[in-house]
Amino acid sequence: MPPTFICHESQNAFEVVAKYISGVVDVNEVKTALVETKGNELFTKCMQHLNSEIPNYQQYLILLVEYTNDIINHSDKDTAESCFSVLVNGLGYVHSVQQNEVINPFVAALTSSADKSEIRLPTLLRLLSVCTDNECCVNLVISILRFCRQTASPTRTWSIALSAFRDKIQIWLAQWAPSKQQQQELLVEVAEAYKGVGDFRNYIRYLTLGLSHAAANDINMQTLAINAFADIVRLPGVFTCDLLELPVVSAIEVDSSSVGAEVVTLVRCMVKGDLPGFQAALTPAVLARLGADVTTEAAMEKARFFALLALASAAEHQDVSFSDVAKALGVESDDVERWLVRAVGLKLLDGKINQVQGSFFVSRSAHPCFGKAQWQIIADKIRSAITFLA
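K.L.:
So what exactly am I meant to see when it comes to unusual backbone geometry here?
P.N.:
For Lys116, which is not glycine, the phi torsion reads 55° and is therefore positive. Checked against the element boundaries, Lys116 lands in the loop between helix H6 (96-110) and helix H7 (117-130). One non-glycine residue with positive phi stands out, namely Asp167, at about 60°. Within the fold, Asp167 resides in the loop between helix H9 (154-165) and helix H10 (169-176). Residue class for Asp167 comes out exposed when judged on its relative accessible area of 53%.

So this is what it looks like as structure tokens:
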């Protein structure tokens, strides 16, 4: 029979948890008056660490996190969470240099199974709130996201994790200063999580950041890049691509006859607004690589939106004639307003239609690509403003 977890205000929570876990350890033990049980031995050792002249919380925690899965398997949700809350709080008494000696086995145990993720995930997130070792923090975020993928409902668990991170990823990376390899791993995991919850813009955003740290000859990263290009054409709501200037993409194009290189060529044409080039690059092999659910019509529709953005972003704060829009999109003049209205509805453009003059004034436009050329334009504008104000 499982032990009962009761903690009164007057009791030391660390002692109560040690006593409870020792009872969990002895659930299947045959108790006799002459033999010291494994649980009793564990409790004795824990109390020695707690009652020493300087309490040794590190060794106390190392002893108890070994039984993480026993706690989960033999406790109800509230009891397990109470135990883990005390253990996590105990890390606050452990020096940051020594925290990983507790956190690493704790995380390994919590992520060893996807069962009862409603207990495991909150504990992993609480660990992140008390972890002060930079490298340990990076590895913990990666472990949390990989654990979410293994659960029965990864969309739900990814949503919980991403909500807890609250767009802090890039702030954390600046604070923790991980290696390029660690940054790449973390950003790719974040990207996959956003893709899993249907936030495709952040998926492409974080994958672009992750791939920026990839070695050009990394085959796995090349595959991720090709998948991303296919997703940019395929997925709704994605109307920007900043991947094209990355070394890993240039490496894909070395073998110009490969399907991967042909997909890159397709996207280059799309981002430039080169509709004829896009049509020529949309071969049956490339269409198949984009995904079974992608039709020629759907791919052409996405390419037309990109062509509209290429035209509008180059003419920001200017009028664009309906005839120029019709030519860029390869549509009849009567269809231009419909495309403009759709683009405005998707928040890709802001502006005003002038039906009398047959034009559209572009007050704002999303950029299909924001690379070196766009940054150079911003830098030039800043320099001009400084010169004007001097």
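K.L.:
What exactly am I supposed to notice about the pattern of salt bridges here?
P.N.:
When the charged atoms of two side chains lie near each other, side chains of opposite charge can form a pair. Inspection of the entire model under this criterion finds 10 salt bridges. Notably, a salt bridge pairs Glu81 with Lys77, separated by 2.9 Å at the nearest N-O pair. Taken as a pair, Glu81 and Lys77 lie in helix H5 (residues 77-90) at a separation of four residues, close to a single helical turn. In this structure, Glu253 engages Arg268 in a salt bridge whose closest nitrogen and oxygen atoms are separated by 2.9 Å. Here Arg268 lies in helix H15 (residues 259-272) and Glu253 lies in the loop between helix H14 (247-252) and H15, a separation of 15 residues in the sequence. When its relative accessible area of 24% is taken as the criterion, Glu253 is described as partly exposed. In this structure Arg268 comes out as partly exposed when scored by relative accessible area, which is 28%. One salt-bridge network, held together by shared partners, links Arg146, Arg149, Glu185 and Glu189.

What counts, and at which threshold
Numbering of residues starts from 1 in each chain and follows the order in which that chain's sequence is written. Only residues with pLDDT of 70 or above have their local features reported here, since the model is predicted, and side-chain atom pairs are shown and tallied only from 80 upward, although totals for entire chains, interfaces and linings are computed over all residues. Excluded from the side-chain calculations are hydrogens and water; all other atoms, namely the structure's heavy atoms, are used. Comment: elements are numbered from the N terminus, with helices defined as DSSP H or I runs of at least four residues and strands as E runs of at least two. Only protein chains enter the accessibility calculation, which uses a 1.4 Å probe; a residue is then buried when its area is under 20% of its type maximum, exposed when over 50%, and partly exposed in between. Just to be clear on terms, a salt bridge is a Lys or Arg side-chain nitrogen sitting within 4 Å of an Asp or Glu carboxyl oxygen.

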